[in-house]
Amino acid sequence: MRGGGGREDEEVSRKLKSMEVDKLGDGGGGEESPRPAVKYYGWKAMPFIIGNETFEKLGTLGTSANLLVYLTQVFHMRSVDAATLLNGLNGTTSLAPIIGAFLSDAYLGRYLALAIASVASLIGMFFLTLTAGADSLHPPECGVGETCEKATSYQFAVLFIAFGFLVLGSAGIRPCSMPFGADQFDPNTESGKRGINSFFNWYYFTFTAAMMISATVIIYVQSNLSWPIGLGIPTGLMFLACVLFFMGTKLYVRVTPEGSPFTSVVQVLSAAFKKRSLKQPKDPKQDLFSPPHTSAIVTKLAHTDQFRCLDKAAIVASPEEVRSGGAAPADPWRLCSVQQVEEVKCLIRIAPVWSTGIIYYVAVVQQSTYVVLSALQSDRHLGRGSFEIPAASFTVFAMLAQTLWIPLYDRILLPRLRKITGKDEGFTLLQRQGIGIALSTVAMVISAIVEDRRRAIAHSQPTLGKTMMGGDISAMSSLWMVPQLMILGLSEAFNLISQIEFYYKEIPEHMRSVAGALAFCNLALGNYLSGFLVTIVHRTTGSGRNWLAQDLNKGRLDLFYWTIAGIGVFNLIYFLICARWYRFKGTSN
């Protein structure tokens, strides 16, 4: 579950395709070592893996996108409380894969991590379905305009148990599903390499199909027919996902955990701290520990003058710190190589650029919170018919913008940009990230204008009834919100993909698994920041005209959007400063 209706996962998956092909194609290590014979079943294992992924996404994505409606209509939560809770939940769900990736790489392995996560997701969906199906696990229904009974502590406890299991499932499934599928092909053969490429194509296709079905069919059943049935269907699909996964157990290749890539980072920081009292070396080439670089995969990095305090980790304080032969330290927690130090510097240099993504996501996550609430209080009919677009389904328009833009950019615009800029990538990665931040700010400005119009029409023209929360439904068509959503989708197509590619190219090769984790961490912190902002605005404006009132017609949601737009302008300026300061990997000066 996450802000933005699941599209962040789609774009991360698209970029991780190239990462995993590179990683598996070279065997994942720098030196040849004897390995036991492994029998690869390749495509024979794919029905179980892709089937598991498809049913899992069908089961969880639609439900996550519709949670705001569920919390406000079934649990009778105030909209501001539901938005705050959902921001926190989305943030935790996006942060959990970092822990899951670490445990998978260091201890569990991908198979066991996926097995535990799949069962956890099923249990979470089961408990969530119970909260809708069992009368004792949710507040009694109430009519429009009636005073609704609040949920009890016991009812909330069951709801949070469901959320806890879903977070646990996300921790294992998000970081492990794609690499596990690629593990099933022999990376040392041409057929295996082709299989890996084809697997990612099929993975992306099923992912997109599952997202579209979840955001339309499943959300429609939940919102318009029955919540117990609408949640029971995803639970049944999640059960099928588990069954398919375990049916293929005998065919799977299980890669042995190889340890965490963060160990080397901690070693550098530890060694630098222990030697903090030493003087800076006069001649880094002579005074720092720099054994022969033997890895055929990891690029040798030149020494840089930035963050020179870390150079102390590579100072040889005494001959006893180096083993005989001079190729390895006696204690890796006290002496590190120049290569290790420079790799840590790469991560530190990335940090300021990475931090701009946190603020960027504050705009993006509004798609799953206040955009949904605005849609509930506007005319969602298509034409003159009786069909209403489910409020949570509006995220489809952002997906549509991405789906249309990416092939348009690659096939039509990119060749022309190459001629204009003289660069193969057209716009540089940092330029594309900046464009994405600028577009998100434009989307917030449009959101503010549209919301002001929606509220004005609700005050000046006859309304179309009331929502379950008691707010009048404006006669303004909800389709006026499509432009802002498509611009947000376009913004993600620029920023998110460029973020992942930037991390992929700038992070040392053996740490590339960190790239996906950085993107998920951005999304998590963006959700937390959005929830914090909602809380601050609600408390500071609640004594007067609450900007985020339960009834949006009595609030000033447009001012909240203007605030986010202002933060976006600040973020764009901050990003331009970070981009100008940034030194690309391999640049010595």
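Residues numbered from 1 in each chain as written. Predicted model: local features only at pLDDT ≥ 70, side-chain atom pairs only at ≥ 80, totals over all residues. Heavy atoms only, no water.

- Going by what an unreviewed UniProt entry lists, the protein chain is known as Protein NRT1/ PTR FAMILY 2.9 and is assigned to Urochloa decumbens.
- Note on the protein chain: under the UniProt heading Subcellular location (unreviewed entry), the record states "Membrane". (UniProt positions renumbered as here; feature names shortened; annotations may be inferred.)

### What to know about the packing of aromatic side chains
Then, number 1: Taken as a whole, this structure holds 21 aromatic pairs when the rule is applied.
Then, number 2: Among the aromatic residues, ring-to-ring pairing joins Tyr70, Phe75, Phe156, Phe160, Phe163 and Trp227 into one connected group.
Then, number 3: Lying across the ring of Phe273, Arg276 places its NZ or CZ 4.1 Å from the centre. (Phe/Tyr/Trp six-rings, centres within 6.5 Å; stacked < 30°, edge-to-face > 60°. Lys NZ or Arg CZ within 6 Å of the ring centre and 35° of its normal.)

### Quick look at the nonpolar core
Then, number 1: Counting 72 residues, the largest nonpolar core has Tyr70, Leu128, Tyr370, Phe560 and Tyr561 as the members making the most contacts within it.
Then, number 2: Considering each element in turn, this core owes the most residues, seven residues, to helix α15 (residues 482–506).
Then, number 3: Beyond its immediate sequence surroundings of up to four residues, Leu128 is in contact with Thr63, Leu67, Tyr70, Leu159, Ala162, Phe163, Leu166 and Leu231.
Then, number 4: Counting 21 residues, the second largest nonpolar core, distinct from the first, contains Tyr360, Leu430, Leu523 and Tyr582. (Core = buried A, V, L, I, M, F, W, Y, C linked by side-chain atoms within 4.5 Å. Buried < 20%, exposed > 50% of the residue type's maximum accessible area, 1.4 Å probe, protein only. Helix = DSSP H or I, 4+ residues; strand = E, 2+ residues; numbered from the N terminus. Contact = heavy atoms within 4.5 Å.)

### A word on the packing of helix α11 (residues 338–364) against helix α17 (residues 557–581)
Then, number 1: Following both chains from N to C, one finds α11 and α17 inclined at 165°, their axes separated by 9 Å at the closest point. Regarding the angle of α11 to α17, the classification is roughly antiparallel. Note on packing geometry: the crossing formed by α11 with α17 is left-handed. For the pair α11 and α17, the contacting residues are Arg349, Pro352, Val353, Ser355, Thr356, Ile359, Tyr360, Val362 and Ala363 in the first and Ile564, Ile567, Phe570, Asn571, Tyr574, Phe575, Cys578 and Trp581 in the second.
Then, number 2: Here the contact of α11 with α17 is composed, by residue class, of 13 nonpolar, three polar and one charged. (Axes fitted to C-alpha atoms, helices over the stretch in contact; angles between N-to-C directions. Parallel < 35°, antiparallel > 145°, perpendicular 65-115°, else oblique. Left-handed = near helix turned anticlockwise from the far one by under 90°. Nonpolar A, V, L, I, M, F, W, Y, C, P; charged D, E, K, R; others polar.)

### A look at the UniProt feature "transmembrane region" (unreviewed entry) in the protein chain
Then, number 1: Within the UniProt annotation, "transmembrane region" (unreviewed entry) is assigned to residues 111–134, 154–173, 202–221, 227–247, 358–377, 389–408, 517–539 and 559–582.
Then, number 2: Across residues 154–173 one finds 100% helix and 0% strand; the C-alpha atoms that close the span lie 29 Å apart.
Then, number 3: For residues 227–247, the helix share is 100%, the strand share is 0%, and the end-to-end C-alpha distance is 30 Å.

### Regarding α11
Given 3.6 residues per turn, any residue in an α-helix points the same way as the ones three and four places further on.
Then, number 1: In a regular helix each residue adds 1.5 Å, so 27 residues correspond to 39 Å; α11 covers 40 Å between its end C-alpha atoms and thus fits that length.
Then, number 2: In α11, a bend of some 40° at Ala351 exceeds every other bend along the element, and Pro352, a proline, comes one to four places later.
Then, number 3: Most of α11 sits out of view: 22 of its 27 residues are buried. (Expected span 1.5 Å × (residues − 1). Bend = angle between axes of the 7 residues up to and from the residue.)

### What about the pattern of salt bridges?
Then, number 1: Per the counting criterion, the structure on display carries 12 salt bridges.
Then, number 2: The salt bridge involving Arg454 is made with Glu451; its shortest N-O contact spans 2.9 Å. Here Arg454 and its partner Glu451 are both found in helix α14 (residues 429–460), three residues apart, which amounts to about one turn of the helix.
Then, number 3: Of the charged contacts, one joins Asp558 and Arg455 as a salt bridge, the two residues approaching to 3.1 Å between their closest N and O atoms. Taken together, the residues Asp558 in helix α17 and Arg455 in helix α14 connect sequence positions 103 residues apart. The burial state of Asp558 is the same as that of Arg455; both residues are buried.
Then, number 4: Through salt bridges with shared partners, one network takes in Arg308, Asp311, Glu342 and Lys345. (Salt bridge = Lys/Arg side-chain N within 4 Å of Asp/Glu carboxyl O.)

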